[in-house]
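Architecture and fold: a report
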Amino acid sequence: MEQINVVQATKVLKRRTVLDHVDLTLDRGGIYGFFGPNGSGKTMLFRAICGLIYLNSGEITVFGEKIGEKKFPDGLGLVIESVGFWNEFTGFENLKFLASVRGKLSDTDIRGALARVGLDPDDGRIYKKYSLGMKQRLAIAQAVMERPELLVLDEPTNALDEDGAAAVHRIVREENKRGCTVLIASHNKADIDSLCRRKFKMNEGRLQEVLPDSGPA
């Protein structure tokens, strides 16, 4: 079975160990949750799995591909920290520009991605005028619009109201149902508890799986 394998992943930044010999094996097709205090290493682990940083030691493979040989895993959808949208473009224009890199999506597909997250495809406001919630919805739209094989979401419900959070949960379940593997890091307990089959706690760069009968701690 194809898996995500993290073997003794270690990363040191400014003499601080942010990933401390992390081992992790995730089967393809699951929804996996990661939680822990700020600075515990969740985002850094996601960045390593996505090929955004190099490790000091250890190895990561994603569905048989060694990360580090390429910049990103194939078929990646990502929301991590701030997404680099263009302030002077509308939501549709931002997604259209991003979609042009691979050339896989039509205008109809892009409009559908916007509507799916609760944004109006015909909204003429530029990104700079978006509320924080609208910006987060657009970030989710860009992550899922090309039907990724691996969806990595760092604080996906940040700045969203109850309806927005419910929409994200629905989208995660829909993406997973079609076969997408989903990794979620969140401070929102509902994100982890309601969506994730397996849960992992990070603290000071170390990772520990939380067993079903032990609670989220």
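Scroll up to find the structure this text is about.
Here's a quick rundown of the structure. Each chain carries its own residue numbering, running from 1 in the direction its sequence is written. Note on the predicted model: pLDDT of at least 70 is required for a residue's local features to be given, and 80 or more for side-chain atom pairs to be given and counted; whole-chain, interface and lining totals, by contrast, use all residues. Only hydrogens and water are set aside; all other atoms, that is, all heavy atoms of the structure, feed into the side-chain values.

1. Quick notes on helix α4 (residues 132-144)
Between its first and last C-alpha atoms α4 spans 19 Å; for 13 residues at 1.5 Å apiece the expected length is 18 Å, and the two agree. Buried, partly exposed and exposed residues are distinguished by accessible area as a fraction of the type maximum, computed with a 1.4 Å probe on protein chains only: under 20%, between the cut-offs, and over 50%, respectively. In this description a helix means any DSSP run of H or I spanning at least four residues, a strand means any run of E spanning at least two, and both kinds are numbered starting from the N terminus. Taken across its 13 residues, α4 has eleven buried, putting it largely inside the fold. The complete set of buried residues in α4 reads Gly133, Met134, Gln136, Arg137, Leu138, Ala139, Ile140, Ala141, Gln142, Ala143 and Val144. Contacts between residues were defined by any pair of non-hydrogen atoms, one from each residue, lying within 4.5 Å. Buried-residue contacts for α4 involve β6 (76-79), α2 (91-99), α3 (107-116), β7 (150-154) and α5 (162-177). Every helix has an expected span of 1.5 Å times one less than the residues it contains.

2. A few points about the sheet that holds strand β4 (residues 57-62)
What makes two strands pair is DSSP finding at least two bridges between them. Pairing is antiparallel in the open sheet, where four strands are placed in the order β2-β1-β4-β5. Strands at the two margins of the open sheet, each flanked by one partner only, are β2 (16-27) and β5 (65-66). Both strand β1 (residues 3-13) and β4 contribute to a ladder of five bridges, which runs antiparallel. Bridging across to β4, Ile4 finds its partner in Val62.

3. Considering the pattern of salt bridges
We define a salt bridge as a side-chain nitrogen of Lys or Arg found within 4 Å of a carboxyl oxygen belonging to Asp or Glu. Scanning the model with the defined rule gives 16 salt bridges in all. Note that Arg170 and Glu174 form a salt bridge whose closest N and O atoms lie 3.4 Å from each other. With Arg170 and Glu174 both in helix α5 and four residues apart, this pair spans about one turn of that helix. Arg170 gets classed as partly exposed once you look at its relative accessible area, which sits at 35%. Residue class for Glu174 comes out partly exposed when judged on its relative accessible area of 34%. Glu175 serves as the salt-bridge partner of Arg178, at 2.5 Å between the closest nitrogen and oxygen. Salt bridges here are not isolated pairs; linked through shared partners, they connect Arg116, Arg170, Glu174, Glu175 and Arg178.

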